[in-house]
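# A structural walkthrough
Here are the chains, one letter per residue:
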Amino acid sequence: MKRRRPIYGLLAEFDNPTDLVAAAQRVHDYGYTKMDAYSPYPIEELHEAMGMHGNKLPFLVLCGGILGGLGGYFMQYWMSVIDYPIHIGGRPLHSWPSFIPITFEMTVLGAALTAVFGMLALNGLPMPYHPVFNVPSFALASRDRFFICIEAADSKFDPDATRRFLETLKPRAIAEVPH
Amino acid sequence: MDKDFNPKTLVADPERPPIIEPGHTFGSVSDKIGSFVLTHRTPKGWWVGFGIGFVGVMLLGQTLANLLLRGTGIWGVTNPVGWGFDIINFVWWIGIGHAGTLISAILLLLRQEWRTSINRFAEAMTLFAVACAAMYPLFHTGRPWLAIYWLFPYPNTMGIWPQFRSPLMWDVFAVATYGTVSLLFWFVGLIPDLATLRDRSRKRIPRFIYGMLAMGWRGSARHWSRYETAYLLLAGLSTPLVLSVHTIVSFDFAVGVIPGWHATIFPPYFVAGAIFAGFAMVLILAIPIRAFYRLEDFITMRHLDNMAKIILVTGLIVAYGYMMEAFFGWYSANPYESFMILNRMKGPYATIYWLLIACNVLAPQAFWFKSMRASIPALFIVSVIVSFGMWFERFIIVVTSLHRDFLPSSRGMYYPTRWDFGMFFGTIGLFISLLFLFLRFLPMISIFEMRTILPQAEVKEVK
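One numbering rule holds for all chains: residues counted from 1, following each sequence as written. Lettering for chains starts from A, numbering for ligands starts from 1, and both go in the order in which the items are written. Local features in this predicted model are restricted to residues whose pLDDT is 70 or higher, and side-chain atom pairs enter the listing and the counts only when it is 80 or higher, whereas totals over whole chains, interfaces and linings include all residues.

### Considerations on the interface of chain B and chain A
Here, residue contact means that the backbone-derived C-beta atoms of the two residues sit within 7 Å. Every contact between the two is made by 54 residues of chain B and, on the other side, 58 residues of chain A. Starting at the N terminus, helices and strands are each numbered in turn, a helix being any DSSP run of H or I of at least four residues and a strand any DSSP run of E of at least two. Elements represented by at least two residues in the side of chain B that touches chain A include exactly helix H2 (26-38), helix H7 (167-200), helix H9 (221-254) and helix H17 (447-452) of chain B. The biggest single contributor to the side of chain B that touches chain A is H9(B), with 16 residues. Of the residues that constitute the side of chain B that touches chain A, the class distribution is 29 nonpolar, 17 polar and 8 charged. Amino acids outside the nonpolar list (Ala, Val, Leu, Ile, Met, Phe, Trp, Tyr, Cys, Pro) and the charged list (Asp, Glu, Lys, Arg) are all regarded as polar, and Gly is one of them.

Following this line, the structure appears as structure tokens:
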């Protein structure tokens, strides 16, 4: 057997979301773990087929919101009561009802920033280069094609056996993904 | 989205127009929306529209330069009316922005799929309206270069902090948060579409720019899962945020003791007015864009009809607000309150008050009739009338309450100068310019969300 250049994985191309979900289910059931599916829009069924359950983001956003709210309140407390106390209209220094609107806004701001930057960080973005972009037809993944990639790093991966397995899924095409 | 929800049933309803005309595929949707951006030829009409806006930007530049050289004395504001066009236009613009957030966040949570083809440019409208709104209070400070330490709590050499007990500070935080969250929401929605533009553009420079902005988005299922979570959470966060922003804007008035301002009805009445004015602006923008770019198959009569209904509902809430103001003027038995409402109806600014009633209460009643909601000229004209009406409303709230408060000695009149109008028309020009740049360089309709509402996007049961 002649030596091949190491590859990132094998990419199978599908025409429609139904075939993609069915194929992803088969790949997952077969035991491949280092795999990913690519689609031009989010497909709820695909997440189930790939055995994905929830993610950490909501918890992070909750923490971001709580931190933002506490930070907002104590910022106002520290500035108005401790660092620069100033009497206005006989109101108490710690006039907490006046601090609520800004506390609320800071809660939303903290949570929203965590949602966006947390999502990007967990997704590993920005990542301008990725091996799947080396396959020319992958440009259609952002238009109307659906892809499954099994990575060579998977313990079950074998260039020939995996290709034969992918062929049983009846894809439109199979391509090697170079590094 | 849950499994029971089938977008096809929305399309198949024979009584109502569909939310997307049949016959489209994933490819045709992507190509049609992408083509407005990727085409080499800029339509002549685009140059005309952008040119009109750019004239306004020049006017804005001249007005602001004159303002900074000579000070706020060039405006009509004086004692007792210290809040003239600045606060009127600030509230008007920020209110217009609210429809964009309502469409993108609240209608998303309510699973109103028809929002899909209008949310992108409505969000852009929000951003540009907030940018226009924010200029007014900033320049109203007179010395915007000092406003940073008046408005934002940053450690400065004077060792002082802003006054957090003031509604004006709450407003700074509300508007700053609103602007930031709107920008993030808009940008997150754009990421997958920027990836589409990256993959479709044939020239190096656009491909590079869209590629950098898309940040390497590749449509991975693992990414989509977190993306959808983030998008939904942002919608959930924006919903209370948008309500809080106009509530806090209304606190600028309601926390004061001036007759006509000191009312508990202000927050809901302001929020409804914001949505009312905002949807009118969405219609004013959507109708010409739809005709110019031939988007009748994406922005269907169903969208226009639904927006007209929202204008009618919020218009009725606003009308209730006017009724309650008049009722409490009498029922409070407070001479200043009753004088305030009578002064609005019969005083020096009575013409504007009755114009406001005609524009905001009478005009939207046309939308009770299906024939009116189906007529594009009627939709456009009523929307323009409502936009004027909401501007009159803010004029009445700001000016009539200030020009006659408690003591006859503190009575006066407010007359805007040409520099007031210069800044107002200038911000309209800025808004139009930004909108035209957006239409030319970014997808005006969310491409990936349009794909999800196509019938073929549905995953069929596998045998």
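### Digging into helix H10 (residues 266-292) of chain B
Residue and element names in this part refer to chain B. Take the residue count of a helix, subtract one, and multiply by 1.5 Å to get its expected span. Taking 1.5 Å as the rise per residue, H10 with 27 residues should run 39 Å; its terminal C-alpha atoms sit 39 Å apart, in good agreement. A large share of H10 lies buried, amounting to 19 of its 27 residues. Immediately beyond the C-terminal end of H10, within one or two residues, lies Arg294, with a positive phi of roughly 55°. Whether a residue is buried, exposed or partly exposed is read from the other C-beta atoms within 10 Å of its own C-beta, which are placed from the backbone; 20 or more gives buried, 12 or fewer gives exposed, and intermediate counts give partly exposed.

### Brief notes about the domain arrangement of chain A
Domain delimitation follows an automatic or database domain assignment. Taken as a whole, chain A is organised into domain 1 (7-54 + 128-178) and domain 2 (57-122). Each of domain 1 of chain A and domain 2 of chain A was reduced to a C-alpha centroid, and the two centroids are 44 Å apart.

### Examining the packing of H10(B) against helix H15 (residues 376-403) of chain B
All names here are of chain B. The axes used here are C-alpha line fits, helices contributing only the stretch in contact, and every angle between their N-to-C directions lies in the interval 0 to 180 degrees. Following both chains from N to C, one finds H10 and H15 inclined at 140°, their axes separated by 8 Å at the closest point. Relative to H15, H10 is oriented oblique. Between H10 and H15 lies a crossing of left-handed hand. In this structure, H10 contributes Gly273, Phe276, Ala277, Ala280, Met281, Leu283, Ile284 and Ile287 to the contact, and H15 contributes Ile376, Leu379, Phe380, Ser383, Val384, Val386, Ser387, Met390 and Glu393. Its residues assigned to classes, the contact of H10 with H15 shows 13 nonpolar, 3 polar and 1 charged. Here roughly perpendicular refers to angles of 65 to 115 degrees, roughly parallel to angles under 35, roughly antiparallel to angles over 145, and oblique to all remaining angles. Note: crossing handedness is left-handed where the near helix turns anticlockwise from the far helix by less than a right angle, and right-handed where it turns clockwise.

### With respect to the environment of B:Ile397
Take B:Ile397: it is sitting in helix H15. The residues contacting B:Ile397, other than those within four sequence positions of it, are B:Phe253 and B:Gly260.

### Here we look at the nonpolar core
The term nonpolar core means buried Ala, Val, Leu, Ile, Met, Phe, Trp, Tyr and Cys residues held together as one set by C-beta atoms within 7 Å. Counting residues in hydrophobic clusters, the biggest one holds 182 residues, and the most contacted among them are A:Ile148 and B:Val282. Lining this core are residues from two domains, each supplying at least three of them: domain 1 (7-54 + 128-178) and domain 2 (57-122) of chain A. Ignoring sequence-local partners within four residues, the contact set of A:Ile148 consists of A:Ala12, A:Leu20, A:Ala23, A:Ala24, A:Val27, A:Met35 and A:Ala37.

### Quick word on the sheet that holds strand E3 (residues 146-151) of chain A
Whenever strands of a sheet pair, they do so through backbone hydrogen bonds, lying parallel or antiparallel. All names here are of chain A. If DSSP finds at least two bridges between two strands, the strands pair. Here 4 strands make up an open sheet; going across it, the order is E2-E3-E1-E4 and the pairing antiparallel. Looking along the sheet, the strands with just one partner apiece sit at the ends: strand E2 (35-38) and strand E4 (173-178). When the angles between neighbouring strand axes are averaged without regard to direction, this sheet yields 20°. Here E2 runs beside E3; their pairing, made up of 4 bridges, is antiparallel. Paired with Ala37 across the bridge in E3 is Ile148. Packed on one face of the sheet, helix H1 (residues 17-30) meets strand E1 (7-14), E2 and E3 and runs near 15° to E3.

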